[in-house]
Amino acid sequence: MMDAKEACGVFGVYAPGRPVAHLTFDGLYALQHRGQESAGMAVSDGDLITVMKDMGLVTTVFDERKLSGLRGHLAIGHTRYSTAGSSDWINAQPVFRGVGRTGFGLAHNGNLTNTDALAEQANMLPGLVSSDSDLVAELLGQQFPPDLPERTRAEHAADLEQALIEVLPKVEGAFSFVLMDADRIIGVRDPNGFRPLCLGRLDATDEFDQGWVLASESPALDVIGATFIRELEPGEMVIIDGKEIRSVRPFPNERLDPRLCIFEFVYFARPDTTLYGNEVHGARRRMGQLLATQRPVDGDLVMGVPESGVPAAEGYALGSGIPYGQGLVKNRYIGRTFIAPTQAERANGVRRKLNPLRENIAGKRVIVVDDSIVRGTTTRAMVKMLREAGAAEIHLRISSPPFQWPCYYGIDTPDRTELLAAIKTLDEIVEYLDVDSLEYLTLEHLVQAIDAPGAGFCDACLTGNYPVPVQVKVELTGRPTVTVAAGSAPA
Ligand code: SF4
């Protein structure tokens, strides 16, 4: 059960004549699973850019009255979890920078790995950078030419694009950006493509011209009636304005190395999202099927931990021939993560989130399929709950390999000292969780289940092979902070 926080959700729409704020609301609502701390949008009518953002869920931040006041022909939006920068209003996005007579907004999914160096380049004093996204906005703003009185809006037209071409090659780490100025929206995917970003089209109707949409995940296109066109390529920048849609490659070729986060397939993305050309749900089912072949065990019932463990459990049942059933009911009004900050509160959070179906479990040998174990606290509480409900045996099956390294690319994971698989052996984990057996899906089977031949993945949290150098604190060995080169892990 993933108790790491997710990334963020980004969205953008260029659709003159259509209610862009409402479309952005619907898109963000479909991306709510990627971030539940704050939500915001920036809307332009060509003259005025209006930004509205606040702490809370999309439905808390926006209502009909607010949306109807946000008029324009383009908009971008964001749902946030804090990965770099605290969970405060100041860090809610989109970030806005006013430059001369114009301005721009930026929405970021990911986490930069060279923030200190960039802050130095921007001449920002330590402590002045409130988030890595804010820093990128600052660097972009510095690229804009001085606002000479005679400078017209038309002369500002290429400023944001030019600024991005200057700044992006200096930025390292994970970033899917959606940006806007008065007249265009721009999507950018980092050269590794750590986080997803896709392009969709709103077809022309009798009433409206054709429009374009950018979104972290394809269901945000479906929900507003847009057609999925394609995923942006790693290292690609797409510019959408009234005249055209253009693709630019601002990064040097040697930096292009596709490494989509493998955990998007395991847990983060919605099951109905298309990644690397495949629907995520199918990949999760195949993970379960392959898991069933790895270490067969006798059982009476295969059950998934709601909700992301369910497709893999269905696959496990298919692969093993053991009947699938429900063993836990999830309170559907609770978020995907626990706000509770301590281990004890996190364990209590399981009771708020899940409740056992006693008649289905009592006296049975249950095979419980979950997507991952991070700290193990919530998994342990869930196992205790199943034992109390009368389970005769509990065989835990995990549809990903052991999570052993922190993520530095946009997921808020704990230090290594808190990652169960980093601090305990398999036998110790079995004992700690109080299960009868435990099996993790192998990395080879995980890649096989995703079924995207030739595609590149980041698997750093599973292998310690960080594709982009990161600052890693080596708490386990007591050594001081070290910089780890690409492709290697600290001892
Ligand atoms: S370290 Fe893990 S969670 Fe982070 S981007 Fe890589 S695969 Fe995804």
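What you see is a predicted model, and the numbers here were worked out from it, not measured in a lab.

Participant: Help me out: how do you make sense of the overall build of the protein chain in this one?
Facilitator: Within the protein chain, the regular secondary structure consists of 17 helices and 25 strands. Within the protein chain, the fraction of its 491 residues that count as buried is 58%. Expressed as a percentage of contacts within the protein chain between residues at least 6 apart in sequence, the contacts between residues at least 24 apart total 70%. With the model as given, the accessible surface of the protein chain reaches about 19,200 Å², and the carbon-plus-sulfur share is 50%.

Participant: Looking at this structure, I do not really get the packing of helix 9 (residues 280-294) against helix 16 (residues 443-450). What am I missing?
Facilitator: When two helices pack together, their arrangement is given by the angle between the helix axes and the distance between those axes. Contact geometry of helix 9 with helix 16 gives a least axis separation of 8 Å together with a crossing angle of 145 degrees. Here helix 9 runs over helix 16; the crossing is right-handed. Touching A283, R286, M287, L290, T293 and Q294 of helix 9 are H445, L446, Q448, A449 and I450, all from helix 16. When grouped by side-chain class, the residues that make up the contact of helix 9 with helix 16 number 6 nonpolar, 4 polar and 1 charged.

Participant: What should I look at first to understand the confidence of the model for the protein chain in this one?
Facilitator: Low pLDDT marks stretches whose predicted atomic positions should not be read closely. Per-residue pLDDT for the protein chain averages 89, and the proportion of residues at 70 or more is 88%. Counting interchain partners and residues more than four positions distant, the pLDDT-below-50 stretch residues 336-341 has 18 contacts. The model gives residues 473-491 a pLDDT under 50, and that stretch makes 41 contacts with residues more than four places away or in other chains.

Participant: What is the right way to look at the environment of P296 in this model?
Facilitator: Its place among the elements puts P296 in the loop between helix 9 and strand 17 (301-304). On the basis of relative accessibility, which here comes to 67%, the residue P296 falls in the exposed class. For the pair P296 and G319, spaced 23 residues apart in sequence, the C-alpha to C-alpha distance is 9.8 Å.

Participant: Would you take a moment to explain the site of the ligand for this structure?
Facilitator: Around the ligand lies a shell formed by R195, C261, I262, C407, Y409, I411, C458, D459, A460 and C461. Its residues assigned to classes, the shell around the ligand comprises 8 nonpolar, no polar and 2 charged.

Participant: For this particular structure, what's the right way to read the packing of aromatic side chains?
Facilitator: Here a ring pair, both rings aromatic, is described through the centre-centre distance and the interplanar angle of the planes. Overall, the coordinates contain 13 aromatic pairs when judged by the stated rule. Plain terms: the ring middles of F175 and F177 are 5.2 Å apart, the flat faces sit at 25 degrees to each other, and that makes the pair stacked. The exposure classification of F175 matches that of F177, with both residues buried. Considering the side-chain rings of Y409 and Y466, the 6.2 Å spacing of their centres and the 65 degrees angle between planes classify their relative orientation as edge-to-face. Note that Y409 is positioned in the loop between strand 21 (393-398) and helix 14 (420-423) and Y466 in the loop between helix 17 (460-463) and strand 24 (470-472), a separation of 57 residues in sequence. By the burial criterion, Y409 is buried, and Y466 matches it.

Participant: Looking at this structure, how should I read the sheet that holds strand 1 (residues 9-14)?
Facilitator: Pairing between the strands of a sheet is mediated by backbone hydrogen bonds and can be parallel or antiparallel. The 7 strands lie next to each other as 3-2-4-1-10-9-11, forming an open sheet whose pairing is antiparallel. The open sheet has two edge strands with one neighbour each: strand 3 (49-55) and strand 11 (227-231). Neighbour to neighbour, the strand axes of the sheet diverge by 15 degrees on average, direction disregarded. Across the face of the sheet, helix 1 (residues 20-30) comes into contact with strand 1, strand 2 (38-44), strand 4 (74-80) and strand 9 (198-202) while running at roughly 25 degrees to strand 4.

Participant: Is there a simple way to think about the sheet that holds strand 17 in this case?
Facilitator: Across the sheet, which stays open at both edges, the 4 strands sit in the order 17-20-21-22 with parallel pairing between neighbours. Both outer strands of the open sheet, strand 17 and strand 22 (437-440), are each paired with one neighbouring strand and no more. Going from strand to strand, the sheet's axes swing by 20 degrees on average, the running direction of each strand aside. Strand direction decides the pairing type here: strand 17 and strand 20 (residues 365-370), joined by 4 bridges, are parallel. Bridging across to strand 20, G304 finds its partner in V369. Docked against the sheet, helix 9 engages strand 20, strand 21 and strand 22, running at close to 125 degrees with respect to strand 22. Most of the contacts of helix 13 (residues 377-388) go to strand 21, to which it runs at about 150 degrees, and overall it touches strand 17, strand 20 and strand 21.

Participant: Even after reading the chapter, I still don't get the side chain of T24, so can you show me in this structure?
Facilitator: Checked against the element boundaries, T24 lands in helix 1. When residues no more than four places from it in sequence are discounted, the contact partners of T24 are F11, V13, M41, A75, I76 and G77.

Participant: How should the pattern of salt bridges be read in this particular structure?
Facilitator: By the definition in use, this model includes 23 salt bridges. Among the salt bridges present, the one from D257 reaches R259, with a minimum N-O distance of 3.2 Å. Accessibility expressed as a relative area gives 29% for D257, which makes it partly exposed.

Participant: Is there a simple way to explain helix 10 (residues 310-320) in this structure?
Facilitator: At 3.6 residues per turn, the α-helix brings residues three or four places apart onto the same side. Regarding helix 10, the residues found buried are P311, A312, A313, G315, Y316 and A317. The secondary structure elements touched by the buried residues of helix 10 are helix 9, strand 17, strand 20 and strand 21. Looking one or two residues past helix 10, G321 carries a phi angle of roughly 80 degrees, positive in sign.

Participant: How do you make sense of unusual backbone geometry when you look at a structure like this?
Facilitator: Most peptide bonds are trans, and most residues other than glycine sit at a negative phi. Cis rather than trans, the peptide bond between Q93 and P94 has omega equal to 10 degrees. Topologically, P94 is positioned in the loop between strand 4 and strand 5 (95-99). Between P306 and the following residue, E307, the backbone shows a cis peptide bond with an omega angle of -5 degrees. Even without glycine at this site, Y276 takes up a positive phi of about 50 degrees. Mapped onto the elements of the fold, Y276 is located in the loop between strand 15 (274-275) and strand 16 (278-279).

Procedures and definitions
- Counting of residues starts from 1 at the beginning of each chain's written sequence and follows it residue by residue.
- Totals for whole chains, interfaces and linings use all residues, but because this is a predicted model, local features are given only for residues with pLDDT of at least 70 and pairs of side-chain atoms are given and counted only at 80 or more.
- No hydrogens and no water enter the side-chain calculation; it runs on all heavy atoms of the structure.
- Each helix is a run of H or I in the DSSP string that is no shorter than four residues. Each strand is a run of E no shorter than two, and both are numbered from the N terminus.
- For every residue, the accessible area (1.4 Å probe, protein chains only) is compared with the maximum for its type, and the residue is labelled buried under 20%, exposed over 50%, or partly exposed between those bounds.
- A contact between two residues is defined here by any heavy atoms of the two lying within 4.5 Å.
- Using a 1.4 Å probe, accessible areas were evaluated by the Shrake-Rupley method; residue-level cover was limited to the displayed protein chains.
- Axis definition: a line fitted to C-alpha atoms, limited for helices to the stretch in contact. Angles are taken between N-to-C directions and run from 0 to 180 degrees.
- Handedness of a crossing follows from how the near helix is turned relative to the far one, being left-handed for an anticlockwise turn of less than a right angle and right-handed for a clockwise one.
- Gly falls in the polar group here, along with every residue not listed as nonpolar (Ala, Val, Leu, Ile, Met, Phe, Trp, Tyr, Cys, Pro) or charged (Asp, Glu, Lys, Arg).
- pLDDT gives the predictor's per-residue confidence on a scale running from 0 to 100.
- Note on terminology: near, applied to a residue and a molecule or strand, indicates that one of the residue's heavy atoms is within 4 Å of it.
- Stacked, edge-to-face and tilted labels apply to pairs of Phe, Tyr and Trp rings (six-membered ring for Trp) whose centres lie within 6.5 Å, assigned for plane angles under 30 degrees, over 60, and everything in between, in that order.
- In this scheme, strands are said to pair when DSSP sees at least two bridges between them.
- Every case where a carboxyl oxygen of Asp or Glu lies within 4 Å of a side-chain nitrogen of Lys or Arg is listed as a salt bridge.

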